[in-house]
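Here's the letter readout for the chains.
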Amino acid sequence: MGNPLMLNFPFIKKIFKKLLTLKPTDEPLFFPNVQLTFSGYSAKCDFIFTKVENPDGESIVWFIYDNSIHYKEHKNKKDRLFE
């Protein structure tokens, strides 16, 4: 099930075992500032993973927030401080 996902998103391969052990009662897993490149799209994203119960069983929900503008502005401010 996870193989196509891991091929397209190498980051998932690094955290796959952690995702498998995630429980619905656990705090969501938060990974900020992850470089995402997929199908011609490139961005700096924050990822949040959580496990939820639904009528068919449990599912892992993956929230992807494109924060490229935020991270770019932060980097520019930081660069200006060190000029």
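Look above for the structure.
Residues numbered from 1 in each chain as written. Predicted model: local features only at pLDDT ≥ 70, side-chain atom pairs only at ≥ 80, totals over all residues. Heavy atoms only, no water.

**Q** Mind showing me how you'd approach the pattern of salt bridges here?
**A** Once the charged atoms of two side chains with opposite charge are near each other, the side chains can pair. Using the criterion set out here, one finds 1 salt bridge in the structure. Residue lysine 51 is joined to glutamate 58 by a salt bridge in which the shortest nitrogen-to-oxygen separation is 3.7 Å. Using a relative accessible area of 12% as the deciding quantity, one classes lysine 51 as buried. Looking at glutamate 58, the relative accessible area reads 49%, which means it is partly exposed. (Salt bridge = Lys/Arg side-chain N within 4 Å of Asp/Glu carboxyl O. Buried < 20%, exposed > 50% of the residue type's maximum accessible area, 1.4 Å probe, protein only.)

**Q** Honestly, the pairing of strand S2 (residues 41-54) in this entry has me stumped. Any pointers?
**A** With 8 bridges joining them, strand S1 (residues 29-38) and S2 adopt antiparallel strand pairing. Bridge assignment links leucine 36 to a residue of S2, and that residue is alanine 43. In the sheet, S2 pairs with strand S3 (residues 57-66) via 10 bridges, with the strands oriented antiparallel. Along S3, the bridge assignment pairs isoleucine 48 with phenylalanine 63. (Pairing = 2+ DSSP bridges. Helix = DSSP H or I, 4+ residues; strand = E, 2+ residues; numbered from the N terminus.)

**Q** Even after reading the chapter, I still don't get helix H2 (residues 10-21), so can you show me in this structure?
**A** The α-helix winds at 3.6 residues per turn, so residues separated by three or four positions along the chain end up facing the same way. All of the buried residues along H2 are Phe11, Ile12, Ile15 and Leu19. On an axial view of H2, the arc spanned by its buried residues comes to 100 degrees, and they lie on one face. Within H2, the exposed residues directed more than 90 degrees away from the buried face are Lys13, Lys14, Lys17, Leu20 and Thr21. (Arc of directions from axis to C-beta.)

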